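Tertiary structure, described
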Amino acid sequence: MTCSRRDFLKDTVGGSLVSALPLSAFTLISQAEAAAALSESKTRWAFLVDTTKCVGCGLCVKACKNENEIPYDAAVTRTWVERYVVTKGGSTHIDSPMGGRDGFIDDKIRDEEIDPEDIAKAFFVPKLCNQCDNPACVQVCPVGATYQTHDGIVLIDREWCIGCGYCIMACPYGVRFFHPEEKVADKCNFCYHRISNGMDPACVENCSFGARRIANLKDPDDPVANIIRTERVSVLKDEYGTKPHVFYIGLDAEVR
Amino acid sequence: MKWHILRPLWVAIGLVGSILVAQQFLVPDDFGVHGRNFTYGYHRLSNIQEWKDFPVKYRGRESCVECHEENVLKLNASTHAPVECENCHGPSVNHPDDKEFLPLDTTRELCLRCHAFLEYPNSARGELLSVEDRRHKRRYECVKCHNPHDPQEDVEEEDSE
Amino acid sequence: MLDEPVVHGIEWTIKELFVYPNEFIYWSIQIVMYPYMTGLVAGAFVLSSLYHVFGQKDLKEIAQFSLVFSLALLPVAALPLLLHLQQPTRAMEPLLTPHFTSAIAAFGIVFTTYALIVLSEIWFVYRKYFVEQVYALKQKAGLSNLMKRTVYRVLTIGAYDISEGALKIDKKAATVLAAIGIPVACFLHGYAGFIFGSVKANALWMSPLMPVIFIMSAVVSGIALCMFTYIVIMEWKAFLRRRGGGALEAGQIKGAEEEVINKAARYLLGFLVAAISLEMLDLIFRGYTAMKSWDILRSVMYGKDFMNIFVLQYTLGNLVPFVLLVLPRRTLLRTVIALILVLFGVFMMRWNVVIGGQAFSLSFSGYMHYEIPVIPHSLETFKEGVFGALTVIATPFFLFWIINKFVPSLRRDTEGS
């Protein structure tokens, strides 16, 4: 090898050839070296949701289920859309039937009619895995079956998960569930197979309104990352210290 | 000294030893700390590639345009330009290699996802052209009159009831 | 059973108002059984230690029994976890690739350590018996005797020295192990509490008091079960003597029994008070600080789960037995009723923590109700239903029956010293 091992690792990690690399290369370098190289990873995936643009069509949920082979009629889903209707009296009605898979075409919420005159504001909020910097779900996995990649995505090893459900309990956002067929924990991974190969996540590609966008925070020229950097964005439930990486525009105080 | 009291200890050591031996055989070679630290990066390395190899289903209009150029161009010129082909035609997966026809969704429910009237102030939904489902030609599919590839095309008035 | 993929939890979860789509009662009856059974293991072990470590001679026979019974209970502490796993064939992975930042990862190690201590102690107590059996069975012919002898030969682990000096060392070793076992048993429980207490996403569970509360209620339930078993055994013995015409002997047994029960009841009361105080402190603190989650917690505790928490757990499971035990002129029947109520109260406490912690949505805007499956129609509804729980309860008695065939804990003439 003419290049140093460290450079080699850096390049490899930056690209998408991790598995092509002989495993012995990893055992030869020290952990500190590896950590240094990894911290220089050129990618940190993040997500931007513009709630002001979402119309609640649910096509993102449909696309996600098809793309990621989540049984279409199962109640669980990797991404979902919530509807919030706040009345002038101050009460909040929230629903997400089937995770919003079929959109919102009825104005009733859980069979309850809400007088349109009484609505102060109403909006839709897409939710998905926050790919936290300090993922509580990863911390509690007893066997190392879920982990954070160098580009910030939390993945689940379907071959190694024992299905104890501790990660599901640990996630403050409720994004995890048991896959009905695989019988292991499952959740959104920003369509890792797509973003690693230059594509947008299925939900992003199938959103007609630009409400969902993917960003690489480490790329100074990434337009979406620049929105996150320069505009006023917020995150969900930051009080848990998980450092979520799904950023929101127009998040209302009522959003849970 | 009666050394027999150590016998349970030998059993215990034997047990621990057998777990360590089992580890050698049952734990994949690439299992270890590969990410930031032990807390967040302890896993089987090859799993990353397994996820990267997950099959793609939605190929986007770039792949549609290769054969269906006319339709894509028409769509791109219309107000429906932001709508992906696969929203209505379904994920192409390996079309046309193993699936000759994609199942086209022409139900009212699909159109109503965006165009059902919801009286929501300050919401993007309110800005879309919308109909009240129960008051607008309930018995017909929307595509009977409206062309989804170009919604602003003249509505073909056929035998209205 | 396999025609349609079923979402785990959907069959016993009823949602109300807004609950995130992926939220279900994922931790159900088996996770209630797990800390409950673990608590009983320790109780049995602690009781046997009272004799082996603290030399409570009057507890000698019950100590023999409870030591072997704690061995029978031991696998049952792990059984609920196994039944609960979605991938039970991978149950050994926490030992293969333990991820120690997880509280569950330590389970395999803590549990194995504890099991080894119990096994070793039993070995030291019964080694003489094993060796004697090997020699006795040598004289007898027949295949079953040969097989039995082989089992005993394995059980001796090749230590055939049963001289006076060797047995003395055995006894000392058993004492040391019993002494080490007590903190390990407490650790096993405190750590079960930590599994829940460290889940920061769960507003009800997250509390540094959780491990201590778990230890206290574990000791309470353990002592209660052992007292209960002890009373049953002693009554049975007195009954046999009386029938055999030994009214005097029966009277002696009753006298000894009352003394032990009085002593144990005092310990039980002490731990009960400690457990209730800690739980009350937790409750008052939550109400006073009234964090974001308090609204929904209050509506669950004072509303939906009021019956389970305040009536069944605190009143029927804590207050009533407390009064029954404290009031003067206590009778045996009253004690037995109090003990059963205490055991029930601790079970309800586990239930209210595990199920109650999932009774509200992470969105704080909705509720989930657990409908425990009674008649199973699939493996899943069996495992996480009434019959799964009953299986867990029945297993230790079945195991005890088998173990007792080789390690006779109820025979009086087995003690090595």
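Quantities reported herein were computed from a predicted structural model and do not represent experimental measurements. (Residues numbered from 1 in each chain as written. Chains lettered and ligands numbered in written order. Predicted model: local features only at pLDDT ≥ 70, side-chain atom pairs only at ≥ 80, totals over all residues.)

Some details on the overall build of chain C
Secondary structure summary: chain C contains 13 helices and 2 strands in total. Taken over C-alpha atoms, the radius of gyration comes to 23 Å for chain C, in line with the 22 Å a tight globule of 417 residues would show. Looking at chain C as a whole, 47% of its 417 residues are labelled buried. Here the contacts in chain C between residues at least 6 apart in sequence split such that 75% fall between residues at least 24 apart. (Helix = DSSP H or I, 4+ residues; strand = E, 2+ residues; numbered from the N terminus. Rg over C-alpha atoms; globule rule 2.2 N^0.38 Å. Buried ≥ 20, exposed ≤ 12 C-beta atoms within 10 Å, placed from the backbone. Contact = placed C-beta atoms within 7 Å.)

Considerations on the overall build of chain B
A count of helical and extended segments in chain B gives 7 helices and 2 strands. Taking 161 residues into account, the globule formula puts the C-alpha radius of gyration at 15 Å, and chain B, at 30 Å, lies well above it. Across its three principal axes, chain B shows a C-alpha extent of roughly 105 × 40 × 30 Å. Of all 161 residues assigned to chain B, the portion counted as buried reaches 25%. Put simply, 38% of the contacts in chain B that link residues at least 6 apart link residues at least 24 apart.

Observations regarding the sheet that holds strand 4 (residues 119-127) of chain A
Residue and element names in this part refer to chain A. One open sheet accounts for 3 strands, arranged 3-2-4; its pairing is antiparallel. Strands at the two margins of the open sheet, each flanked by one partner only, are strand 3 (92-95) and strand 4. Strand-to-strand twist across the sheet, computed as the mean angle between neighbouring axes with direction ignored, equals 15°. By the bridge criterion, 8 bridges tie strand 2 (residues 80-87) to strand 4 in an arrangement that is antiparallel. In the strand pairing of strand 4, Thr-87 is matched with Ile-119. (Pairing = 2+ DSSP bridges. Axes fitted to C-alpha atoms, helices over the stretch in contact; angles between N-to-C directions.)

Considering the sheet that holds strand 1 (residues 45-50) of chain A
Residues and elements named next belong to chain A. Strand order in this open sheet of 3 strands is 9-1-10, and the pairing throughout is mixed. With one partner strand each, in any of the chains shown, strand 9 (212-216) and strand 10 (246-249) form the two edges of the open sheet. Strand-to-strand, the axes of this sheet are offset by a mean angle of 25°, without reference to chain direction. The strands touched by helix 9 (residues 223-230) within the sheet are strand 1, strand 9 and strand 10, with strand 9 carrying the most contacts at an inclination of about 90°.

A closer look at the interface of chain C and chain B
Contacts between the two partners involve 16 residues from chain C and, on the opposite side, 15 residues from chain B. Residue assignment for the side of chain C that touches chain B shows that the elements contributing at least two residues are helix 3 (93-96), helix 4 (105-139) and helix 6 (164-197) of chain C. In terms of residues, the side of chain C that touches chain B owes the most to one element, helix 6 of chain C, which gives 4 residues. Partitioning the side of chain C that touches chain B into residue classes produces 9 nonpolar, 6 polar and 1 charged. (Nonpolar A, V, L, I, M, F, W, Y, C, P; charged D, E, K, R; others polar.)

Some thoughts on the interface of chain A and chain B
In this assembly, 51 residues from chain A lie in contact with 44 residues from chain B. Listing elements by their share of the side of chain A that touches chain B, those giving two or more residues are helix 3 (31-39), helix 4 (59-67), strand 4, helix 5 (136-140), strand 5 (146-148), helix 7 (192-195) and helix 8 (202-205) of chain A. Tallied by class, the residues present in the side of chain A that touches chain B amount to 24 nonpolar, 19 polar and 8 charged.

Notes on the domain arrangement of chain B
Many descriptions give the size of an interface as the accessible area lost when the pieces come together. The assigned domain composition of chain B is domain 1 (28-55) and domain 2 (61-144). Spacing between the C-alpha centres of domain 1 of chain B and domain 2 of chain B amounts to 39 Å. (Domains from an automatic or database assignment.)

Here's the deal with the environment of C:Phe24
All names here are of chain C. Structurally, the position occupied by Phe-24 is in the loop between strand 1 (13-17) and helix 1 (29-52). For Phe-24 and Val-7, which are 17 residues apart along the polypeptide, the C-alpha to C-alpha distance reads 9.2 Å. If we skip the residues at most four places from it in the chain, Phe-24 touches His-8, Gly-9, Ile-10 and Thr-13.

Quick look at the nonpolar core
In terms of nonpolar packing, the biggest core is built from 211 residues, with A:Phe47, A:Ala170, C:Met37, C:Leu73, C:Val220 and C:Met227 touching the most fellow members. In terms of residue count, the dominant contributor to this core is helix 7 (residues 210-243) of chain C (17 residues). Excluding residues within four positions of it along the chain, C:Met37 makes contact with C:Leu73, C:Val76, C:Ala77, C:Pro80 and C:Val392. (Core = buried A, V, L, I, M, F, W, Y, C linked by C-beta atoms within 7 Å.)

Considering the packing of helix 8 (residues 247-289) of chain C against helix 10 (residues 306-326) of chain C
All names here are of chain C. Running from N to C, helix 8 and helix 10 cross one another at 150°; their axes reach a closest spacing of 11 Å. You can see that helix 8 and helix 10 cross each other, and the crossing is left-handed. Every residue of helix 10 that contacts helix 8 at Ala-265, Leu-269, Leu-272 and Ile-276 is listed here: Asn-318, Phe-322, Leu-325 and Val-326. Classifying every residue of the contact of helix 8 with helix 10 by side-chain character gives 7 nonpolar, 1 polar and no charged. (Left-handed = near helix turned anticlockwise from the far one by under 90°.)

Quick word on unusual backbone geometry
In this model, B:His95 is joined to B:Pro96 through a cis peptide bond whose omega is 5°. Inspection of the secondary structure puts B:Pro96 in the loop between helix 6 (85-89) and helix 7 (108-115). A positive phi angle, close to 55°, is found at A:Cys191, a residue other than glycine. Along the chain, the position of A:Cys191 falls in the loop between strand 8 (185-186) and helix 7.

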